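Here are the chains, one letter per residue:
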Amino acid sequence: MNTLGKTLPPLASLLPFEAAARLCSFSRAADELHITQAAVSRQIRGLEDNLGVKLFYRRNRAVSLTQEGRDLARVVSDALHSIGDSAALLRAAQRSDRVVLLCQLCEAFYWLMPRLSSFHQQYPHLDIQVVTSTRPLTEFSAHFDVALQSSRRPSGAHPLMFTAADEVFPVCSPAYFDARQPLSLTELQSATFLHHSSQPPHLMEWDSWLQVFGQAVAANARSATFDSYPLMLQAAVEGHGVAMGWRRTASRLIESGALVRPCVESVHLPEAISIYRHQGAGDRPEIAALLGWLQEQLKGDS
């Protein structure tokens, strides 16, 4: 006799529960799953009713897991990841010539795309699929084989394969300072500072960059904030202010003359980029080929 139907909780509630437990937020879980907050709340309430226990403490707009919720979250997370890994292996078996590269949007747009043709030339028998996300690996639920991420972002159990360096410096439109270049950092304070706001916070922003040189953003400084790095760079191109530029993603705009470096100061980050292999990807030769190509390309840029 099959007893699973009687013992399992409502399966539709498990993804909303896992997301809400991981993010400690019904609204963020709803955003991630592309459903309404009310739908997440309804699914979790149904799960609690089915189990007969409270899984979350609800205080105003904040939620936190009860002990029962923490226990269930561990089990559900492990089970869903196990199912996801098995599904990924089955998909990979069907398309052994395909390799999936997960990349942050800015690196994919400015660094990867101009170089991707060389991968196709070197490995014409392989099909590389690029997927992008602004979220860290621990919050990415779809399939990938290799991930290129900014360092110090949560990566879970995915093994780190290698790191690469990058360089950070201010960039702006050539006309923004009326050709008064190079500027001192004191003169730079007259600019509008363009900020990139992200969760988790980016590896280096204006405050941490200026701190390297013993300075800080002036209290009366003008600023504008963007939730997209490509949008922030485009704002700099259009003359709206000075952005924090990363050499790997801003270099082509500098080479084309769309952006310039208004001052000579720069911060070198020896481990700015991290390359991960999916924990369940195994040692497929297609993955080894992509890892080798990435390492060659990143080393060639250093």
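Positions within a chain are numbered from 1, following the residues in the order the chain's sequence is written. Note on the predicted model: pLDDT of at least 70 is required for a residue's local features to be given, and 80 or more for side-chain atom pairs to be given and counted; whole-chain, interface and lining totals, by contrast, use all residues. Side-chain measures were taken over the full set of non-hydrogen atoms in the model, leaving aside hydrogen atoms and water.

- In the annotation of an unreviewed UniProt entry, the entry for the chain reads LysR substrate-binding domain-containing protein, and the organism field reads Pseudomonas sivasensis.
- Annotation of the chain in UniProt includes, under Sequence similarities (unreviewed entry), the sentence "Belongs to the LysR transcriptional regulatory family." UniProt positions are given in the numbering used here, feature names are shortened, and annotations may be inferred rather than shown by experiment.

### Considerations on the overall build of the chain
At step 1: Assigned secondary structure in the chain consists of 12 helices and 10 strands.
At step 2: Taken along its principal axes, the extent of the C-alpha atoms in the chain is 80 × 55 × 30 Å.
At step 3: Exposure categories follow from relative accessible area, calculated using a 1.4 Å probe and restricted to protein chains: below 20% of the type maximum is buried, above 50% is exposed, and the middle band is partly exposed. Residues counted as buried form 46% of the 302 residues belonging to the chain.
At step 4: Taking the intrachain contacts of the chain between residues at least 6 apart in sequence as the baseline, contacts between residues at least 24 apart amount to 76%.
At step 5: The centroid of the 27 positive side-chain charges in the chain is displaced by 6 Å from the centroid of its 29 negative side-chain charges. Strands here mean DSSP runs of E at least two residues long; helices mean DSSP runs of H or I at least four residues long; both are numbered from the N terminus. Residues count as neighbours in contact if any of their non-hydrogen atoms are within 4.5 Å of one another. Think of it this way: Lys and Arg go in the positive column, Asp and Glu in the negative one, and His and the chain ends go nowhere. Charged groups are reduced to one reference atom each: NZ for lysine, CZ for arginine, CG for aspartic acid, CD for glutamic acid.

### Quick word on the side chain of Thr 249
At step 1: With respect to the secondary-structure elements, Thr 249 resides in helix α11 (residues 247–255).
At step 2: By relative accessible area, Thr 249 is classed as buried at 4%.
At step 3: With residues up to four places along the chain from it excluded, the contact list for Thr 249 reads Cys 106, Glu 107, Tyr 110, Tyr 229 and Leu 233.

### Overview of the pattern of salt bridges
At step 1: Whenever Lys or Arg places a side-chain nitrogen within 4 Å of a carboxyl oxygen from Asp or Glu, that contact is recorded as a salt bridge. Here the structure, examined in full by the defined rule, presents 12 salt bridges.
At step 2: One salt bridge connects Arg 135 with Glu 139, and the closest N-O pair in it is separated by 2.7 Å.
At step 3: Here Arg 261 and Glu 167 are joined by a salt bridge, their closest N and O atoms 3.9 Å apart. Pair noted here: Arg 261 is in the loop between α11 and β10 (267–277) and Glu 167 is in strand β6 (residues 160–171), with a separation of 94 residues, a long-range link.
At step 4: Judged by its relative accessible area of 32%, Arg 261 is partly exposed.

### Focus on the nonpolar core
At step 1: Nonpolar cores were defined as sets of buried Ala, Val, Leu, Ile, Met, Phe, Trp, Tyr and Cys residues, with membership established by side-chain atoms within 4.5 Å. Ranked by size, the top nonpolar core spans 60 residues in total, and within it Trp 209, Ile 275, Leu 290 and Leu 294 carry the most contacts.
At step 2: A total of seven residues in this core trace back to one element, the largest contributor, which is helix α12 (residues 285–301).
At step 3: Setting aside chain neighbours within four positions, we find Leu 294 in contact with Leu 101, Trp 111, Val 146, Leu 148, Phe 162 and Ile 275.
At step 4: With 17 residues, the next largest nonpolar core counts Ala 29, Leu 55, Phe 56 and Ala 73 among its residues.

### Brief notes about the environment of His 158
At step 1: By the secondary structure assignment, His 158 is in the loop between β5 (146–150) and β6.
At step 2: Considering only alpha carbons, one finds His 158 and Pro 182, 24 residues apart in sequence, at a separation of 43 Å.
At step 3: Beyond its immediate stretch of four places on either side in the chain, His 158 contacts Leu 137, Phe 144, Tyr 276, Arg 277, His 278 and Gln 279.
At step 4: There is a polar contact of 3.1 Å between the side chain of His 158 and the backbone nitrogen of Gln 279. Counted as a polar contact is a pair of N or O atoms within 3.5 Å, where, for protein atoms, one must be capable of donating a hydrogen and the other of accepting one, and residues adjacent in sequence contribute only when both atoms are in side chains.

### With respect to the UniProt feature "domain: HTH lysR-type" (unreviewed entry) in the chain
At step 1: Taking the UniProt record as the reference, the feature "domain: HTH lysR-type" (unreviewed entry) is found at residues 9–66.
At step 2: Secondary structure across residues 9–66 comprises 57% helix and 14% strand; the distance between its end C-alpha atoms is 18 Å.

### Quick word on the packing of helix α3 (residues 26–33) against helix α4 (residues 37–51)
At step 1: Between the N-to-C directions of two axes lies an angle of 0 to 180 degrees, each axis being a line fitted to C-alpha atoms and, for a helix, fitted only over the stretch in contact. Contact geometry of α3 with α4 gives a least axis separation of 8 Å together with a crossing angle of 110°. Between α3 and α4, the angle falls in the class roughly perpendicular. Residues Phe 26, Ser 27, Ala 29 and Ala 30 of α3 form the contact with α4, whose own contacting residues are Gln 37, Val 40, Ser 41 and Ile 44.
At step 2: In this classification, the charged set is Asp, Glu, Lys and Arg, the nonpolar set is Ala, Val, Leu, Ile, Met, Phe, Trp, Tyr, Cys and Pro, and all remaining amino acids, among them Gly, are polar. Taken together, the residues of the contact of α3 with α4 break down into five nonpolar, three polar and no charged. Angular relationships are summarised with four words: roughly parallel below 35 degrees, roughly antiparallel beyond 145, roughly perpendicular across 65 to 115, and oblique for the angles in between.

### Describing the state of the cysteines
At step 1: Our working definition of a disulfide is a cysteine sulfur pair at a distance within 2.5 Å. What the rule picks out here adds up to zero disulfides.
At step 2: Free of any disulfide, Cys 172 has its nearest cysteine sulfur in Cys 263, 8.6 Å distant.

### Here's the deal with α11
Turn by turn, an α-helix covers 3.6 residues, leaving residues three or four places apart pointing in a common direction.
At step 1: Within the sequence span of α11, burial applies to Arg 247, Arg 248, Thr 249, Ala 250, Ser 251 and Leu 253.
At step 2: Following α11 by one or two positions, Gly 257 has its phi on the positive side, about 90°.

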